[in-house]
Each structure stands twice: as C-alpha cells, then as structure tokens.
Amino acid sequence: MIALAQCRAGFEREAAADVAHLAAAAGAQVRGDIGGGAGWVAAELAGLDRRRWREALAASPAVFCRTLFIGTGPHALVPAPGSTPQARGPVDRVTPLMAALSGLDATADALWLEYPDTNEGKALSTLARALGPRLETVLRERGLLADASAPQRAERNRLRFHVFLADGATAYVGTSIAETGSAWPMGIPRLRMPGRAPSRSTLKLAEAFAVLLGEREHELVHAGKRAVDLGAAPGGWTWQLAQRGVRVTAVDNGALKGEVAQDPLVTHVRDDGFRFRPRRPVDWVVCDIVEQPSRVATLMARWMKDGDAQRAMFNLKLPMKKRYAEVERATAIIDAGVGDVDVRLAFRHLYHDREEVTGFLERATPSRRATPSRARPRRG
Ligand SMILES: C[S@@+](CC[C@H](N)C(=O)[O-])C[C@H]1O[C@@H](n2cnc3c(N)ncnc32)[C@H](O)[C@@H]1O
C-alpha cells in the first residue's frame, strides 16, 4: 500500500518523518526511500494493518501532514508516448482512475480531488474541477459513492475517496477516515479573512480552533469564557476570541489596533508575557510570542501545572533546520514541565502556519484553582 501525504511545500522531510512514525506505530515497514514532490510525499508500506493504522492516527495524529490517505499509485492517466497508437480526441482519464478506485475495494461518502498546493499544482485545478463530477457520477452508478442528497451516515469510520493528481499524467488514489482525516480537501480551510480583524494571523487561531477542537469548538470557546492572550498585538487572536464573546486580557507592550483596542471585552495589559499571571484562573491562555520553542513550551507547561489556565493554544516558531526534532523536544519539555498533572497535547502545522506549528494543551481534569465561568449572552 501507499501512504500519501500533502504538506506545505518545503516541509516534505517533516511530513515523511510523520509517515514513518505512524507506520512504526502501526507495525508497518516503510519500503525504500519516501519519495514525492513539492508539497507531498508518498511512502510504500509493507505489512500494513488498517485497524492498527487507524489506532495510530487516533493516538498521535500527524503534525506536518495536511492530508494523509492510504491507497495505491502511481497510476498512469495518459498512455506513455509511443506505446499504443492514441485515438484522436481528449485523453480519457476517467477510465484508468475508475479502475484504480474500484481496486480499493471500498465505498465512501465523498470524493476529494486534490493536487499539490504549489504554483505548478494550481495549474491542475481546472483538470481536477472537470474530473470530479464525472468521477462522482460513475462512482455513484457503480454504488461506490453515497448519494450526495442522502443524509450523512452517522456511524464511525466513514470513508472518503482521494484522487491526488501528482501531475496531469499521474495520480494516486486511496481512502481516509473522516474522524481522523483532514477537515478540508488538501487541508485548506474555507475561512475568509474578516475585514475588521487587525491582522491576518486571526485566521491562525480560527483554524486552530476548528482543527484542534473539532466538534468541541463551540462548547469550549464561547461567551462567558475568559482568556489571556500573551503577545497579543496588534490583536488578531484577541479579536478572534472577543468576537466569540470571550473576555480577554491582552498582554503585550505593543499597541492593539482597530476596534479590538476599544472592545469592552478586552483589557490591554502592558507587561512581559513570560512574567504575567492572572489573579484568578482562566479558561484559556493563548500565546503567539516569537521566542525559542523551548521557552514557550516551558511557559505553557507552567500555566497548566499551576492551574492558571484549563487550556492553551500556542505557536512554536520553527526557523531552524531540525523542525521535527524541535517539536519532539517541546513535547518532552511539556511532559516533564506539567509534573503529575494529566494533560493532552497535540501539535499541528496548520494551513495558516508558515515556519511554525500550533500546539493545543489541555488539562484532563479541571484545575482546583479553576472556577466555573458564568455564561453571558453571545454578542451579535
Ligand atoms: C506575532 S506577534 C502576535 C500577533 C498576534 N497574535 C495577532 O494575531 O495580531 C508577536 C507579539 O509578541 C509580542 N511579544 C514579544 N515578546 C513578548 C513578551 N516577552 N511579552 C509579551 N509580548 C511579547 C510582540 O510585541 C508582538 O506584538
């Protein structure tokens, strides 16, 4: 089988390390070198047990893979030059793709047509848009794809078909499970830049909530919650929180910009984010300070250990070469730093993250210092 992962161009080594870790956790062997191209990697896996792969994905999701599926490939979509005499007319890519998809011996609820998130890859978007509906029609005729109008099945382990166009002549096909897979084709969220937010990094926090909290997003981030934003200026993350009705203490020596500076839910504190602590525990600490990952990891662990926040969402900046090792180091620092406090930790290289990853840390049990927050009406 092939494991195919998409990532930000330039992060192929890290995505390959993710795949190798998952394969090892699932008891599979990686055959040969992990290959691929800009923005994607493909690994041939031997001895893959799907149940163990699923468990490995659920236990420790990939950090740098935007999407990840198991399947087959590469499949040639156009005859090799000089092989058989080509009939005139447009190239039929549907027939070889249908043969490849049928060979997966699976049925799915959706079909995702994907291509590398690079300038070369974007040239394939027209082809992908044309192929998608045609493939869906044939897949439905053959009973391999659920009807779009049918209510979504509630059971676990719903599958998605992936067709990844490596280029116009080559594709990989496979399936991923909705629960453990990306929320969006190519891992690209459908988030529009809010015109009133003071900085584009507001999208990072919006994506972090969507990806790392999933269905719990509305339960955990809503009016009545309290947050501290360390390194808040110019205010994109604070804006994102206040927009959801969260009361925010924005800590930064720099100025907040735009409407967030006057927002009654926001208190601006000019202080050092590594020193500041709230008088009483908060629901969230978020941190976007540009600092060494080890310092930020130590800080977040301390907030958790001391019970100053129930949950943390933070960025680790990774300008160094050994990015994967740096994330592992931060994980070890947090594990050691929280002591005997039971926490859950996940890192993800989000679509809106550049040379950085986003971490989500939460106490498994409420802090004894924490006080229940009173619900306030959501702002319009
Ligand atoms: C990447 S920006 C934050 C952007 C912000 N999250 C947003 O969405 O607009 C980093 C901020 O961290 C602040 N900063 C750097 N070191 C800090 C420290 N020790 N304490 C508090 N803020 C700090 C900088 O002043 C800067 O405004």
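Up top is the structure these notes are about.
Description of the structure in this document.

Criteria and thresholds
- Residues numbered from 1 in each chain as written.
- Predicted model: local features only at pLDDT ≥ 70, side-chain atom pairs only at ≥ 80, totals over all residues.
- Heavy atoms only, no water.
- Pairing = 2+ DSSP bridges.
- Helix = DSSP H or I, 4+ residues; strand = E, 2+ residues; numbered from the N terminus.
- Axes fitted to C-alpha atoms, helices over the stretch in contact; angles between N-to-C directions.
- Contact = heavy atoms within 4.5 Å.
- Core = buried A, V, L, I, M, F, W, Y, C linked by side-chain atoms within 4.5 Å.
- Buried < 20%, exposed > 50% of the residue type's maximum accessible area, 1.4 Å probe, protein only.
- Domains from an automatic or database assignment.
- Near = heavy atom within 4 Å.
- Polar contact = N/O pair within 3.5 Å; in protein donor to acceptor, adjacent residues only side chain to side chain.
- Areas by Shrake-Rupley, 256 points an atom, 1.4 Å probe, with all protein chains shown as cover.

The sheet built from seven strands is open, its strands ordered β2-β3-β1-β4-β7-β6-β5 with mixed pairing. Each edge of the sheet is formed by a strand with only one pairing partner; in this case those strands are β2 (29–37) and β5 (110–114). For this sheet the average axis-to-axis angle between neighbouring strands, irrespective of direction, equals 30°. Looking at chain direction, β5 and strand β6 (residues 159–167) are connected through five bridges and run parallel. Bridging from a neighbouring strand, E114 pairs with F164 of β6. Here helix α1 (residues 12–25) sits on the sheet and contacts β1 (2–6), β2, β3 (40–46) and β4 (67–76); the angle it forms with β3, its principal contact strand, is near 20°. Packing of helix α2 (residues 50–59) onto the sheet brings it into contact with β1, β3, β4 and β7 (170–177), and relative to β4 it is tilted by some 135°.

This part takes up the nonpolar core. In terms of nonpolar packing, the biggest core is built from 34 residues, with L230, M300, W303, F314 and F347 touching the most fellow members. Among the secondary structure elements, those contributing two or more residues to this core are β8 (226–230), β11 (282–287), α9 (293–305), β12 (309–317), α10 (323–337), β13 (343–348) and β14 (356–363). No other element matches α9, which puts seven residues into this core. When we break this core down by domain, the ones giving at least three residues each are domain 1 (2–187) and domain 2 (202–363). Setting aside its immediate chain neighbours within four residues, F314 contacts C287, V296, M300, I334, L345, F347, V357, T358, G359, F360 and L361. Counting 26 residues, the second largest nonpolar core, distinct from the first, contains L101, A108, L113 and A171.

Here the focus is the site of the ligand. Lining the immediate surroundings of the ligand are 16 residues, of which S199, S201, D252, G273 and D288 lie closest. G273 places a main-chain nitrogen or oxygen 2.7 Å from a nitrogen atom of the ligand. Within the contact set of the ligand, a nitrogen atom lies 2.8 Å away from a side-chain nitrogen or oxygen of D288. Summarising the interface, the protein chains cover 74% of the accessible area of the ligand, which totals 610 Å² for the free molecule.

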